[in-house]
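Structural overview
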Amino acid sequence: MQYRRLPQDGTEISIIGMGTSCLHHTDADEIEKTICLAIENGINYFDTVVTKAREFEAMANVFAKNRDKVYLQQHFGAMYPGDGKYGWTRDLSVIKDTFQRQLRLLGTDYTDFGFVHCIDEKEDFENVMKNGLWDYMKGLKNGGIIRHLGCSTHNPEILRRFLDTGLIDMAMFSINPAYDYAVGKFEHALGDSQSRSRIYAECEAAGVGLSVMKVLGGGQLLDARSPFGQTLTKNQCIQYALDRPAVLTVLPGVTSRKTLKEILEYISAEESEKDYTIIENLHIKPEEARCVYCNHCQPCPKGIDIGMLNKYYDLALVGDRLAFGHYKKQEIKADACISCGHCEKQCPFHVKQMQRMHEIAAYFKES
Ligand code: SF4
Ligand code: SF4
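Residues numbered from 1 in each chain as written. Chains lettered and ligands numbered in written order. Predicted model: local features only at pLDDT ≥ 70, side-chain atom pairs only at ≥ 80, totals over all residues. Heavy atoms only, no water.

**Observations regarding the overall build of the protein chain**
Scanning the protein chain for helices and strands turns up 15 helices and eleven strands. Radius of gyration (C-alpha) of the protein chain: 21 Å, near the 21 Å computed for a compact globule of 367 residues. Reported as C-alpha extents along the three principal axes, the dimensions of the protein chain are approximately 65 × 40 × 35 Å. In the protein chain, buried positions account for 56% of the 367 residues. Side-chain charges in the protein chain split into 43 positive and 49 negative, and the spacing between the mean points of these groups amounts to 1 Å. (Helix = DSSP H or I, 4+ residues; strand = E, 2+ residues; numbered from the N terminus. Rg over C-alpha atoms; globule rule 2.2 N^0.38 Å. Buried < 20%, exposed > 50% of the residue type's maximum accessible area, 1.4 Å probe, protein only. Lys, Arg positive; Asp, Glu negative; His and termini not counted. Charge placed at Lys NZ, Arg CZ, Asp CG, Glu CD.)

Written out as structure tokens, the structure is:
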């Protein structure tokens, strides 16, 4: 397993996390074994929204026994009323009761990541800021009961509003190539491709990490519903998400040990199996060719890390001061480019990389 650090305090988070919302039809024994297997394989980051209260209880039993080995992402607004099926609410008293009950089940007195649950509308954001929920959560943060504040959303504009509070450390956002490029064709794909790529960079600039939901597009990218000329693999989708700025972990939903093992294959997969440049076959293309940092254009005869320099440049453009430092530390910079054209011929996305290298060199020279 590999780990990435949360910028705020260096918390080490496994790049593969686990979503639990797909644990339908899984009995308590299998839930326990699946989570134990995840922990044994180095997964330490878990989203805790499940589809039924029964599953939450089964899951909580395992986390309670392994509290020091896991980071939990808990949602304020997810609830399990009456029949115990998942629902969501903005009712503060219900949210408070649900959270306290979940802490009891988890045998703990704190959560690692407390997220405002699923806000996609401006009115909903404003409501949460005024109705006491955000104040309640800030109070828990001040009291050490929430270690890190965050939110879950599918909308870049809502994520920006949370960034503007200056109080979040982490957010859960839906990321996959189809959402980034084929916006409007899929449920939950909000914002155009530019605003989506920009918000990833803004999160990185703000030192806010992203955990990724819908990394497989709800399975659509793996089968005939794929918007590409052909299907993608799990490894390609995971790599795509992990290559976006600010992303610390992906949270594919698993249903059992079997599906968990399929996800874990990513860790030992060859680079060629993770290569997602097939997305060039997407029927709907972004407005202009844009570097996705895949480094499919290597080798550069001058040894330039083309993908990395492009990422630092994009980050610097949205004000990430750290990106300047990272760029300056690169041994081989954009001004080493001799315009040989190799990368442009190789790039499946048709990025005008020679021109881009001149642009990058000029930008960092002047700044
Ligand atoms: S120029 Fe093309 S191939 Fe090279 S890193 Fe960017 S997108 Fe990938
Ligand atoms: S054009 Fe520049 S960046 Fe691209 S391969 Fe040639 S030297 Fe490297």
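So, next bit.
**With respect to the site of ligand 1**
Surrounding ligand 1, one finds twelve residues, the nearest of these being Cys 291, Cys 294, Cys 297, Cys 347 and Gln 353. A per-class count over the shell around ligand 1 returns eight nonpolar, four polar and no charged. (Near = heavy atom within 4 Å. Nonpolar A, V, L, I, M, F, W, Y, C, P; charged D, E, K, R; others polar.)

**As for the nonpolar core**
Core analysis: the largest hydrophobic core is formed by 84 residues, its most contacted members being Phe 46 and Leu 210. In terms of domain composition, this core takes at least three residues from each of domain 1 (3–281) and domain 2 (306–366). Sequence-distant contacts of Leu 210, that is, excluding residues within four places in its chain, are made with Leu 159, Met 170, Ala 171, Phe 173, Ile 175, Tyr 200, Cys 203, Pro 245, Ala 246, Val 247, Leu 248 and Thr 249. By size, the runner-up hydrophobic cluster in this structure holds 21 residues, among which are Ala 201, Ala 316, Tyr 327 and Ala 334. (Core = buried A, V, L, I, M, F, W, Y, C linked by side-chain atoms within 4.5 Å. Domains from an automatic or database assignment. Contact = heavy atoms within 4.5 Å.)

**What about the layout of surface pockets?**
By volume, the largest pocket amounts to about 810 Å³. What lines the largest pocket is a set of 33 residues, among which Ser 21, Cys 22, Met 213, Lys 214 and Gly 253 lie closest to the centre. A class-by-class count of the residues in the lining of the largest pocket yields 14 nonpolar, 15 polar and four charged. (1 Å grid on protein atoms, 1.4 Å probe; cavity = no way out; pocket = protein on both sides within 12 Å on 5 of 7 lines; lining within 4 Å. Points joined across faces, edges and corners; volume = space filled by probe spheres on them.)

**Considerations on unusual backbone geometry**
Geometrically, the link from Gln 298 to Pro 299 is a cis peptide bond, its omega value of 0° lying close to zero. Phi angles above zero are rare outside glycine, and Cys 118 is one such case at about 45°. Look at Cys 118 and you get partly exposed, because its relative accessible area is 26%. Positive phi, normally seen in glycine, also occurs at Ser 339, with a value near 55°. Mapping Ser 339 onto the fold places it in the loop between α13 (321–329) and α14 (342–346).

**Quick look at the site of ligand 2**
The environment of ligand 2 is made up of 13 residues, and the closest members are Cys 300, Cys 337, Cys 340, Gly 341 and Cys 343. Elements represented by at least two residues in the shell around ligand 2 include exactly α14 and α15 (353–366). Class assignment of the residues belonging to the shell around ligand 2 gives a composition of ten nonpolar, three polar and no charged.

**Some points on the domain arrangement of the protein chain**
Each domain of the protein chain was delimited in the assignment, giving domain 1 (3–281) and domain 2 (306–366). Measuring from the centre of the C-alpha atoms in domain 1 to the corresponding centre in domain 2 gives 31 Å. On the side of domain 2, nine residues touch domain 1, which itself brings eleven residues to the contact. Summing both sides of the interface, domain 1 and domain 2 together bury roughly 830 Å²; the carbon and sulfur share of this comes to 71%. (Buried area = accessible area lost by both parts, 1.4 Å probe.)

**Some words on the pattern of salt bridges**
Considering all chains together, one arrives at 17 salt bridges under this definition. One salt bridge connects Asp 29 with Lys 33, and the closest N-O pair in it is separated by 2.9 Å. On the criterion of helical spacing, the pair formed by Asp 29 and Lys 33 is a turn pair, its members being four residues apart in helix α1 (residues 28–40). Asp 29 gets classed as partly exposed once you look at its relative accessible area, which sits at 43%. Taking the shortest distance from any N to any O, the salt bridge between Arg 160 and Glu 202 comes out at 2.8 Å. Residue Arg 160 is found in helix α6 (residues 156–165), and its partner Glu 202 is found in helix α8 (residues 193–206); the two are separated by 42 residues along the sequence. Take Arg 160: its relative accessible area is 19%, and that puts it in the buried class. One salt-bridge network, in which partners are shared between bridges, spans Glu 157, Arg 160, Arg 198 and Glu 202. (Salt bridge = Lys/Arg side-chain N within 4 Å of Asp/Glu carboxyl O.)

**A look at the environment of Ile 360**
Here Ile 360 shows up in helix α15. Considering only alpha carbons, one finds Ile 360 and Tyr 312, 48 residues apart in sequence, at a separation of 9.3 Å. When near neighbours in sequence (up to four residues on either side) are disregarded, Ile 360 contacts Leu 309, Asn 310, Tyr 313, Tyr 327 and Ala 334.

**Structural notes on helix α5 (residues 133–142)**
Listed in full, the buried residues belonging to α5 are Leu 133, Trp 134, Tyr 136, Met 137 and Leu 140. Along the axis of α5, the buried residues cluster in a sector spanning 160°; they form a single face. Those residues of α5 that are buried are in contact with β4 (71–76), α3 (92–106), β7 (111–116), α4 (122–130), β8 (146–153) and α6. Gly 144 sits one or two positions beyond α5 and adopts a positive phi of about 80°. (Arc of directions from axis to C-beta.)

**Focus: the packing of aromatic side chains**
Taken as a whole and judged by the stated rule, the model has 15 aromatic pairs. Aromatic pair Phe 113 and Phe 115: ring centres 6.5 Å apart, planes at 85°, arrangement edge-to-face. The residues Phe 113 and Phe 115 share a single accessibility class, namely buried. Pairing Trp 134 with Phe 162 gives two aromatic rings, centres 5.6 Å apart and planes at 70°, and the pair type is edge-to-face. Residue Trp 134 is found in helix α5, and its partner Phe 162 is found in helix α6; the two are separated by 28 residues along the sequence. Accessibility expressed as a relative area gives 3% for Trp 134, which makes it buried. Classification of Phe 162 as buried rests on a relative accessible area of 0%. An aromatic cluster of three or more residues is present, and its members are Tyr 313, Phe 324, Tyr 327, Tyr 363 and Phe 364. Just above the ring of Tyr 110 sits the side chain of Arg 67; from NZ or CZ to the centre is 4.2 Å. Here the basic side chain of Lys 274 rests over the ring of Tyr 266, its NZ or CZ set 4.4 Å away from the ring centre. (Phe/Tyr/Trp six-rings, centres within 6.5 Å; stacked < 30°, edge-to-face > 60°. Lys NZ or Arg CZ within 6 Å of the ring centre and 35° of its normal.)

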